[in-house]
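Structure assessment
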Amino acid sequence: MRLLYYSPASYGGIADYAHEQANALAYLGVDVTFLCTPSYRSGRGEKYKVVPILRDIVPKRPILNKTLKSVHFTFITLENFKQLANFIDKEGFKYVLFGSYVEYLSPLWSGRLRKLAESGVRFGAVLHDPVRYFIVGPRWWHRWSIACGYAFLCHIFVHESVELDTVRPMPQLKTSVIPHGVYAFPQTTLSREAARGYLNIPCDATVMLAFGRIWNHKNLDLVIQAMVSFPDLYLLVVGKEQSSGQKPVSVYQELAIKLGVADRCRWHIRFIPDTEVGIFFVAADVILLTYSKTFRSASGVLNIAVHYRKPCLASGGEGALHSVVHRYSLGVWIEPDDLDALVNGIRIWLHSPLTPRWKIYCQDNSWVLNAKLVISHLLEK
């Protein structure tokens, strides 16, 4: 089986997922060609062929003008899908997997892919965010884009059973549940005490880790407010700022100062290389996954936490995260967007010992099982 894997994400959770999934597919004997950007972090033991012909959606220099920023986004998006269609034609691929479903600008680029699908090319996509609530442009354009984004696909892969809103009937489209595998980041050589010393955190402190991009829906403001009730609790915030419509990290830092907890907060606002990830997880006692009720996805950070055997404080809407936290006792689940619930959840975690089912979770949620299901469903007619 020859498979073309389309992955324009250069770094972050989507790129990490694509790498693990493509590696698992290759491990099972699939001849995987990985279409990506020159900025994609290769050299991680990939078993697939990397073809870096896509363009980076993030400009090398920030574009401050909103109109020019939109023009850049439109040009790069359309150019990448043109490259994809040309590559399928040139190399004769019959199976194509999108590392992430995308609908943005799809009325402008999906037509050629629909023609390829009609000629026998089978397209699948991993749907990480089943509820497409992030609206770009007028609502009618958003709805049309969602429909066009699904129109050429034969299979959607999700991490929790869900009834998709495809806008209009899609008789050709099937949906299958696949597991989200555990990320295998390198183990750090630092002990817990050494990691805390490196991060300027007392050895006897209780440490919460918020890892990954800084998004509004992660409720960092509520976490900082909850710290007022726990004078021995430290917060470690690690990850990059997310510019588009998100609060800058300075807002959270100012709140911490205002509430008198700033001396117990540590900020590492940057991209974290694989070799450093373990330092932060080894130093932490619990991982914060305190998403808002709009979050209905699986969590990549949870699957790093499982690797390092760290429990979580989690919240969100009904979805994959909610299911696995409960099913495998991976942490304390709390009501989303609620300060009192968060404070109570911290108390439960501090005073009630957890018994996470790490081994069973890893058995049930392997990348090899993920890849086997993808192969079987893409091959079925």
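All values derive from a computational prediction rather than experimental measurement. (Residues numbered from 1 in each chain as written. Predicted model: local features only at pLDDT ≥ 70, side-chain atom pairs only at ≥ 80, totals over all residues. Heavy atoms only, no water.)

Turning our eyes to something else, we now look at the overall build of the protein chain. Helix and strand counts for the protein chain come out as 13 helices and 13 strands. Relative to a compact globule of 381 residues, whose C-alpha radius of gyration would be 21 Å, the protein chain shows 21 Å and is just as compact. Overall, the C-alpha framework of the protein chain stretches about 65 × 45 × 40 Å when taken along its three principal axes. When contacts within the protein chain are restricted to residue pairs at least 6 apart in sequence, those whose partners lie at least 24 apart make up 71%. Carbon and sulfur atoms form 55% of the exposed surface of the protein chain, whose accessible area is close to 17,500 Å². (Helix = DSSP H or I, 4+ residues; strand = E, 2+ residues; numbered from the N terminus. Rg over C-alpha atoms; globule rule 2.2 N^0.38 Å. Contact = heavy atoms within 4.5 Å. Areas by Shrake-Rupley, 256 points an atom, 1.4 Å probe, with all protein chains shown as cover.)

Here strand β12 (residues 312-315) shows no split at all, with Cys312 and Ala314 on one side and Leu313 and Ser315 on the other all buried. With helix α9 (residues 300-305) bridging strand β11 (residues 286-290) and its parallel neighbour β12, the resulting β-α-β unit is right-handed. Alignment of β12 against strand β13 (residues 331-333), held across three bridges, turns out to be parallel. Opposite leucine 313, over in β13, you have valine 332 as the bridge partner. (Buried < 20%, exposed > 50% of the residue type's maximum accessible area, 1.4 Å probe, protein only. Right-handed = clockwise from strand over helix to strand, strands pointing away. Pairing = 2+ DSSP bridges.)

Moving on: the sheet that holds strand β8 (residues 206-211). Taken together, the six strands give an open sheet; going across it, the order is β10-β9-β8-β11-β12-β13, and neighbouring strands pair in parallel fashion. Edge strands, defined here as strands with exactly one partner in the open sheet, are β10 (265-268) and β13. Direction aside, neighbouring strands of the sheet carry axes that sit 20 degrees apart on average. (Axes fitted to C-alpha atoms, helices over the stretch in contact; angles between N-to-C directions.)

Unoccupied space between atoms shows up once a probe the size of one water molecule is rolled over them. Within this structure, the stated rule accounts for four cavities of 30 Å³ or more. Estimates place the volume of the largest cavity at around 70 Å³. Contributing to the lining of the largest cavity are Ala210, Phe211, Lys218, Leu220, Leu288, Leu289, Thr290, Tyr291 and Val301. In terms of residue count, the dominant contributor to the lining of the largest cavity is β11 (three residues). Tallied by class, residues from the lining of the largest cavity come to seven nonpolar, one polar and one charged. (1 Å grid on protein atoms, 1.4 Å probe; cavity = no way out; pocket = protein on both sides within 12 Å on 5 of 7 lines; lining within 4 Å. Points joined across faces, edges and corners; volume = space filled by probe spheres on them. Nonpolar A, V, L, I, M, F, W, Y, C, P; charged D, E, K, R; others polar.)

A word on a negative patch on the surface. On the surface, Glu335, Asp337, Asp338 and Asp340 cluster together to form a negatively charged patch. When you line up the elements, glutamate 335 lands in the loop between β13 and α11 (339-351). (Patch = residues over 30% accessible without salt bridge, like charges linked within 9 Å, V, L, I, M, F, W, Y side chains within 5 Å. Salt bridge = Lys/Arg side-chain N within 4 Å of Asp/Glu carboxyl O. Lys, Arg positive; Asp, Glu negative; His and termini not counted. Charge placed at Lys NZ, Arg CZ, Asp CG, Glu CD.)

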